[in-house]
Structures are given as C-alpha cells and as structure tokens.
Amino acid sequence: MVSMYRTVQRDLSEILSLFDLQDAGDGGFLGPQPDHPGLFRVYGGQVAAQAIAAAARTVTGRRLHSLHVAFLRPGDPTAPLHYGVATLREGRTFSTRRVTVSQQGRPIMEALVSFLEPIDGDDFQQVMSPGPQPEGLPSLPEQLREHLGSGIRDYLGPVQLGIVELRYIDPPPRIAIDAPPPEEALCRLWIRLVGEMPQQVLDDPVTAACMLAYISDWTVLDPVQVAIGKTWHEMASMASLDHAIWFHRPADFSDWLRYDQRSPNVSGGVGLGIGSIYHRDGTLVATVTQEGFIGRPVE
C-alpha cells in the first residue's frame, strides 16, 4: 500500500538488511525496522517478507511454495517486530509453518508459510498477454508529470524509495480514473529494481522470494482503484486485509518483471486484487492475491 510513505530514500542493501533476522530463541526471531522517520506505519510487504525469512530458517532442502497472510492491525515502525514460528506440519512432501508477528505482546499479523520438496513433473502455465516492452514506455514520474504537473509527489508511492522503477502498460490509477468506467479493471506494469544489484538477490532463492513478497504489495490494489474510479487519496480508508502468494518458479531480478493485475470484484467495502508476475520471456513466476478494505476509516 503506497499511502504509508512520506518521502524516503533507500537502497537495495538496506532492504536486504530487513530480511536478516535475529534469533530470539524458542522458535522466535526479531525483525529489524527501517531506520528512518519517514514511515508512519509498518509496510505490509516488509512484514510478509520477514515472515518468509523467519519460516525459512526452520526448513532445509525444500522450496518455498506459498504464503498466506492476515493483517490484523497496523504495525508501529518504532517498535521491534517479533516473529514466532510454529511447526504445523513436517511431512514427506510439505513443511508448513505458522508465523505470528507481534509487537509489545499484541499480534499484528498471522501467516502460514508452506514449503515443498522439489518435484519433477508436468508443467503448464497461462500465457502472458501481449504488450509493449518496458523500453518503449515512459517512467511513472514522466507519465504522471504530463497529467498532474508539479503535484505528482504523493502519487509516486514506491518510486520515492529510490529502489524501483515502474512503467505502466495500462494507465496508472490517477490517470485511469478520469476515463469512463472500464469493462475490465486491469493494470499491467513492468517493475525493475534499480541501483547496484546485490549478488544475494540473484543467487539465493529465499532472498529473491523475500524481495518478491516485499514488492508484491505495492501495486496489487491498483485495479481496485481503477474499478471504482477513485485513488486512495479520495477514499475514507484503504488498508490491506490479507495477502497471498503462490511461488511457481524462482524469480530473476536481473531484468524487468511484468506484473499483470486485475480486480474481479469490489463490494461490501472491500476490493479484491489478483496479480500475475512474469519474467520478460513470459515465464510465470508467482500469483498474488490481496483484498483491501475501502470502507469507513479503520479503528
């Protein structure tokens, strides 16, 4: 969710340091917080990524299969994050961990993290829809500057962090809402990490999965905004309720990733976003879902 940001600059090494958890004993780990006053609540993608890192510390020889997260309450970016890991299953094929994230004794998130024994078998995936390559598209600041002039800062979201570049195939929400209501709420974009690429992101599957979880939360509710013709600036509330990722194949961050997002439904104060993340060659890397609360202000 982009609404949590003030203007903050980071680099990739700082993001990676968030995934380096401290062993707190008794199946618990402490997750570091960004050392920056620009955040006024904990970013959901950070907590999801750290939950993966905590669960992975208790599993060997199996690949990450899925993550299912329930966000219970906003996190305080000034307080330590405790990750308590419980073994729910250690089977012949699957390992399942429950991760409870708490601050000062209060749970802020519950996660189920599943790992799978490597298996060679049948292979099928949906085909990535046609669309322009990222090199032929304007950057998000360029796209919004033409539309909003000098008032674009609040709409740049993760771009302000200085670690990512976004290039939208479909109009981003702030532009899309000025068009007639769409028949399909679709928001496709290319995403790339910028700056010096740490080798750990390229070589370690767990680190790459943590980074994928970290970035997956940024824009997955874009199509919800497109569907209802409002950006989060115009809503009484916009908060992530839950988040799920199925990790189909290893993520390669050496090139652009394409993130195809749509919203099949908005009703009852909540909106659903569904995303597919691909490599440039069309390889399906992961499927993401998230439901956001867009009703009255959250208490």
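In this text, all values refer to a predicted model and were calculated from it rather than measured experimentally.

Peer 1: Which parts of the structure should I look at to understand the overall build of the protein chain?
Peer 2: Along its length, the protein chain carries 7 helices and 12 strands. The burial tally for the protein chain puts 53% of its 299 residues in the buried class. Partitioning the intrachain contacts of the protein chain with sequence separation of at least 6 by distance along the chain shows that 73% fall at a separation of at least 24. Roughly 13800 Å² of accessible area belongs to the protein chain as shown, and the carbon and sulfur atoms make up 50% of that amount.

Peer 1: Sorry, what's going on with the pairing of strand β1 (residues 22-25) here?
Peer 2: Side-chain direction in a regular strand flips from residue to residue, so the side chains alternate between the two faces of the sheet. Inspection of the sheet shows β1 paired to strand β2 (residues 28-31) by 3 bridges, in the antiparallel sense. Paired with D23 across the bridge in β2 is F29.

Peer 1: Where do I start with the side chain of S263 in this structure?
Peer 2: Within the secondary structure layout, S263 lies in strand β10 (residues 257-267). The contact partners of S263, leaving out residues within four places of it in the chain, are A185, P223, V224 and L272.

Peer 1: Would you take a moment to explain the environment of D20 for this structure?
Peer 2: Summarising the element assignment, D20 is placed in the loop between α1 (12-17) and β1. Residue D20 is classed as exposed on the basis of its relative accessible area, which comes to 57%. Note: C-alpha distance between D20 and A53 (33 residues apart in sequence) is 7.6 Å.

Peer 1: Before we go on, may I ask you to explain the nonpolar core in this structure?
Peer 2: What tends to happen in soluble globular proteins is that the nonpolar side chains get buried as a cluster. Formed by 71 residues in total, the largest nonpolar core has its most connected members in M211, L212, Y214, I215 and F253. When residues of this core are assigned to their parent elements, the largest contribution, 9 residues, is made by helix α2 (residues 44-56). Sequence-distant contacts of I215, defined by excluding residues within four places in its chain, comprise Y43, I191, L193, F253, L257 and Y259.

Peer 1: Just to check I follow, could you spell out the environment of T100 for this structure?
Peer 2: For T100, the position within the fold is in strand β5 (residues 94-103). Exposure remark for T100: the relative accessible area of 23% places this residue in the partly exposed category. Linking T100 and G28, residues 72 residues apart in sequence, is a C-alpha distance of 9.3 Å. For T100, the contacting residues outside a window of four places in its chain are H82, Y83, G84, P107, M109 and E110. Polar contacts involving the side chain of T100 include one to the side chain of E110, which spans 2.9 Å.

Peer 1: Can you help me understand the packing of aromatic side chains in this one?
Peer 2: Two measures describe an aromatic ring pair: the distance that separates the ring centres and the angle between the ring planes. Scanning the entire structure with this criterion turns up 4 aromatic pairs. When the centroid spacing of 6.3 Å and the interplanar angle of 65 degrees are considered together, the rings of F19 and Y214 count as edge-to-face. With F19 in the loop between α1 and β1 and Y214 in helix α6 (residues 205-216), this residue pair connects regions lying 195 residues apart in the sequence. A relative accessible area of 10% means that F19 is categorised as buried. Accessibility expressed as a relative area gives 0% for Y214, which makes it buried. Ring centres of Y43 and Y214 lie 5.0 Å apart, and the angle between their planes is 80 degrees; this geometry places the pair in the edge-to-face category.

Peer 1: Can you walk me through the sheet that holds strand β4 (residues 81-90) in this structure?
Peer 2: Within a beta sheet, neighbouring strands are joined by backbone hydrogen bonds and run either parallel or antiparallel to one another. Here 12 strands make up an open sheet; going across it, the order is β1-β2-β4-β5-β6-β3-β9-β12-β11-β10-β8-β7 and the pairing antiparallel. Each of the sheet's edge strands pairs with one partner strand only, and the pair in question is β1 and β7 (164-168). With strand direction ignored, the average angle separating the axes of adjacent strands in the sheet is 25 degrees. Most of the contacts of α2 go to β4, to which it runs at about 50 degrees, and overall it touches β2, β3 (63-71), β4, β5, β6 (106-116) and β9 (239-247). Across the sheet, α6 lies against β3, β8 (185-193), β9, β10, β11 (270-279) and β12 (284-293), angled at about 145 degrees from β9, the strand it touches most.

Peer 1: Is there a simple way to think about helix α3 (residues 140-148) in this case?
Peer 2: The α-helix advances 3.6 residues per turn, and as a result positions three or four apart in sequence lie on the same side. Those residues of α3 lying buried are L140, P141, Q143, L144 and L148. Each buried residue of α3 sits inside an arc of 160 degrees when the element is viewed along its axis, so together they form one side. On the buried face of α3, the contacting elements are β7 and α4 (173-176).

Procedures and definitions
Residues numbered from 1 in each chain as written. Predicted model: local features only at pLDDT ≥ 70, side-chain atom pairs only at ≥ 80, totals over all residues. Heavy atoms only, no water. Helix = DSSP H or I, 4+ residues; strand = E, 2+ residues; numbered from the N terminus. Buried < 20%, exposed > 50% of the residue type's maximum accessible area, 1.4 Å probe, protein only. Contact = heavy atoms within 4.5 Å. Areas by Shrake-Rupley, 256 points an atom, 1.4 Å probe, with all protein chains shown as cover. Pairing = 2+ DSSP bridges. Core = buried A, V, L, I, M, F, W, Y, C linked by side-chain atoms within 4.5 Å. Polar contact = N/O pair within 3.5 Å; in protein donor to acceptor, adjacent residues only side chain to side chain. Phe/Tyr/Trp six-rings, centres within 6.5 Å; stacked < 30°, edge-to-face > 60°. Axes fitted to C-alpha atoms, helices over the stretch in contact; angles between N-to-C directions. Arc of directions from axis to C-beta.

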